[in-house]
Each structure stands twice: as C-alpha cells, then as structure tokens.
Amino acid sequence: MTDTNRWLLPEGIEEALPPLAERLETLRRELLDLYHAWGYELIIPPLVEYLESLLTGTGHGLDLQTFKLTDQLNGRLMGVRADMTPQAARIDAHCLQREVPTRLCYVGTVLHTRPDGFAGTRSPLQVGAELYGHFGMESDLEILRLMLRTLEVCGVESPLLDLGHVGIFRQLAEDAGLDRQQESDLFDMLQRKAVPEIHACLEALDLPARSRGHLAALAELNGDENTLAQARERLAGAGAGVFTALEALEEMAARLRAAHPGVALHFDLAELRGYHYHTGLVFAAFLPGNGQEVARGGRYDDIGRVFGRARPATGFSTDLKTLVRLSRCPENPAPAAIFAPADPDPGLEAAVEDLRRRGERVIRALSGQTGDAAAMGCDRVLVKTDNHWTVVDA
C-alpha cells in the first residue's frame with residue numbers, strides 16, 4: 001500500500017462519522033427500548049465462533065458469506081459471524097435452557113464476504129428479535145408486528161410486506177418425488193423466476209402431469225390476496241401440507257389487516273428465502289422503487305436441535321445502517337452546546353458539573369486552542385459576571 005492510499009477502506013466496508021454515528025446510536029437505543037417494552041431481552045453474542053456452531057442449519061448461502069480463520073490456540077476453524085440468528089438459537093437452546101417462551105433481541109455488526117442487500121455493504125449493523133418456545137400464529141404475528149414497528153421507529157414509511165410459506169414448495173417437491181439435486185435445481189430457477197427454464201426442467205423430468213402443473217404454477221402465483229384463492233384452484237389435488245400453508249397465510253393476512261389496516265400485503269408462493277432452514281411462514285419488507293428487501297424473517301423451528309434442544313422459533317432481522325439511509329425522518333439538528341473558557345476558577349468547575357448533571361452538553365476550551373464557541377459548535381457560552389458564572393447566548 002502506498003502512502004497516498006493508506007486511508008482507503010476495503011470495498012463494502014464503511015465507517016460512521018458524525019453526525020451519522022450519533023443518529024445510529026440514537027436509533028439503537030430507541031429500538032432496544034422498544035424491544036424491552038415488548039419483553040425481549042438483550043444478548044451480545046461474540047464476534048467469532050467455531051464454524052460448525054455459526055453455520056448450523058443455515059444452508060450453503062451463509063457458508064459462502066462467512067469469513068473463516070484458524071484459532072491459533074487449537075487449530076480449529078472459526079468464523080466471523082455473518083448472521084446473529086444462529087447465535088441467538090445457540091444461546092436459547094444451550095445457555096438459557098428455559099421451558100417458557102423466550103424473547104431475545106440483539107444489535108451488532110456482522111461481516112459478509114460479498115456485498116448483500118440494498119446498500120451493497122459487507123458490514124451491516126444487524127438488528128433483530130427472535131421468539132423461541134412457541135409454535136403458532138400468535139408468535140409469528142408478534143414478530144411481524146415488531147418488524148413493522150421497527151421500520152416505523154426508524155422513519156421507514158409505507159413498506160410492502162411480502163409473505164410466503166416454504167411448506168408449499170416442500171410438499172409439492174415431496175408429491176413429485178424429486179431427489180435432492182432436482183429439488184435444488186428447481187428451487188434455484190424459482191428464485192430467479194426463470195419460467196422457460198422451469199418448464200424445460202419439468203418437461204425433462206419423469207413426473208406425473210399433475211405434479212408438473214403444480215410446480216410450474218408456483219412461479220406465477222404472486223400478487224395480492226387473490227393469489228391465495230388462485231393457489232387453491234391451481235394446486236388442487238396437492239398434499240395436505242399445501243393447504244395447511246395456504247390457511248396459515250390467509251389467517252395471517254386477516255390478523256395483519258386487523259392490527260395494521262393500512263399495511264400493503266403481497267404474496268409470492270415461489271419466494272423461498274431461507275428455504276434451507278426456514279420451516280413455515282417467511283416474510284420480507286420492501287419499499288417502492290427498491291428491489292432488495294429492507295427487513296426479513298420467518299419461522300425456523302428445530303434449529304436448536306444440534307445445540308441440545310429443538311424449540312419452535314420465529315424472528316426477523318434488518319440492517320440499521322440501511323434503515324437510516326432510507327429514513328424519511330429529518331436529520332436531527334446538531335445538539336446545542338455550551339462553551340466554557342479555559343479558566344481554572346473553582347466556581348467555573350462547579351458550574352460546568354452542575355450543567356452536565358442537568359443534561360447540558362458543555363465543551364471546555366483548551367489553553368491556546370484556535371476556534372471560538374461557534375467554531376466548536378456551541379450556541380451559548382459561560383461568562384463570569386459579579387463572581388458568578390452564567391450562560392448567555394454566543
């Protein structure tokens with residue numbers, strides 16, 4: 001590296017300078033207060049863990065996004081976390097071992113090998129909440145509502161909520177008798193909405209006509225709530241798991257409409273985000289004009305089995321830095337501050353301490369420094385009048 005570019009950061013790695021850093025920290029506190037009010041307990045997982053723990057049940061995608069390194073103490077392979085959800089699952093299953101429903105939340109930087117998401121960052125500031133120990137519509141709804149409230153707190157307005165259910169594709173793949181490779185190939189085509197490829201793939205497989213029609217229909221079953229009625233018609237004759245999933249989506253839509261009358265709902269039965277570890281409802285929030293989701297989540301039961309306890313689980317996560325970029329809230333004005341002179345007077349020391357105790361921001365001048373109160377971002381100054389220090393406008 002030459003002397004002229006020592007300041008460069010790696011691509012996709014960014015730092016937060018004033019006032020962005022203060023905005024991020026303010027929102028972090030507000031969100032943690034929100035989660036606390038809903039009964040979620042804060043956890044702070046480690047930045048690195050042994051690789052097998054970080055990647056448990058998450059599929060190939062997270063493996064590719066995880067930086068690996070060798071532990072110099074014992075030679076074992078470690079990973080820098082790319083997602084905090086597996087860590088939360090480990091903490092619930094192995095560390096807490098509760099029988100009651102457990103609500104956990106977290107905020108922390110994760111690291112990706114490649115840019116991911118709307119902002120193209122490799123170092124998201126991940127915010128999330130997970131609910132363990134309950135299988136049912138109530139916990140899915142709570143997590144969805146908390147995700148919507150998170151977006152609201154961050155000033156992200158009018159999100160489109162996209163809903164799907166991995167149980168539909170799983171049941172259709174089972175009905176068709178697809179092997180693991182065939183299922184994986186078709187899954188990839190569905191994610192890309194590659195309709196010609198899907199039809200060519202299905203034609204090449206020795207499948208019953210009904211199964212071929214069901215799988216081909218998935219790529220077209222997306223849109224408003226009428227999509228669910230269409231799915232019942234086009235997937236008639238499929239296994240019971242398909243209709244159980246459709247009923248769950250219908251009930252969730254009704255409950256969301258009741259709790260959030262203005263929310264925009266979209267259904268995509270071929271959207272299988274997190275397919276390799278999600279087990280039920282999946283969801284994501286989008287904003288008009290942005291192709292990447294700004295928050296995502298879903299049900300992922302039994303991920304804690306490898307840690308010793310299989311528990312129902314549902315949760316969501318988002319990137320706080322992305323939410324700040326997309327926020328429509330006006331930037332906070334620079335905080336008011338008081339400029340105190342470089343004077344050793346004990347009375348000044350007492351005045352400064354009293355102001356700080358009352359929540360004021362006081363900046364002390366340093367002997368010989370350049371810059372007056374305005375240059376230091378202060379709108380008021382401490383001046384001595386009749387042996388008393390008082391605050392006056394700058």
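It should be noted that the structure appears before, not after, this text.
What comes next is a walk through the structure. Computed from a predicted structure; not experimentally measured.

**Regarding the side chain of E49**
Moving on, step 1. Inspection of the secondary structure puts E49 in strand 2 (residues 48–50).
Moving on, step 2. A distance of 2.8 Å separates polar atoms of two side chains, one belonging to E49 and the other to Q87.
Moving on, step 3. Not counting residues within four places of it along the chain, the set of residues in contact with E49 comprises L54, M78, G79, Q87 and R90.

**Section: helix 6 (residues 166–176)**
Moving on, step 1. In terms of residue burial, helix 6 counts as a mostly covered element, since 8 of its 11 residues are buried.
Moving on, step 2. All buried positions along helix 6 are accounted for by V166, G167, I168, F169, Q171, L172, A173 and A176.
Moving on, step 3. Lining the buried residues of helix 6 we find strand 7 (160–165), helix 7 (180–191), helix 9 (209–218), helix 11 (240–259) and strand 10 (281–286).
Moving on, step 4. At the exit of helix 6 stands G177, carrying a positive phi of roughly 70 degrees.

**Some thoughts on the environment of A295**
Moving on, step 1. Mapping A295 onto the fold places it in strand 11 (residues 295–299).
Moving on, step 2. Sequence-wise, A295 and L148 are 147 residues apart; in three dimensions their C-alpha atoms are separated by 9.2 Å.
Moving on, step 3. Among all residues touching A295, those that are not within four sequence positions of it are M147, L151, A284, A285, S317 and T318.

Definitions and cut-offs
- Residues numbered from 1 in each chain as written.
- Predicted model: local features only at pLDDT ≥ 70, side-chain atom pairs only at ≥ 80, totals over all residues.
- Heavy atoms only, no water.
- Helix = DSSP H or I, 4+ residues; strand = E, 2+ residues; numbered from the N terminus.
- Polar contact = N/O pair within 3.5 Å; in protein donor to acceptor, adjacent residues only side chain to side chain.
- Contact = heavy atoms within 4.5 Å.
- Buried < 20%, exposed > 50% of the residue type's maximum accessible area, 1.4 Å probe, protein only.

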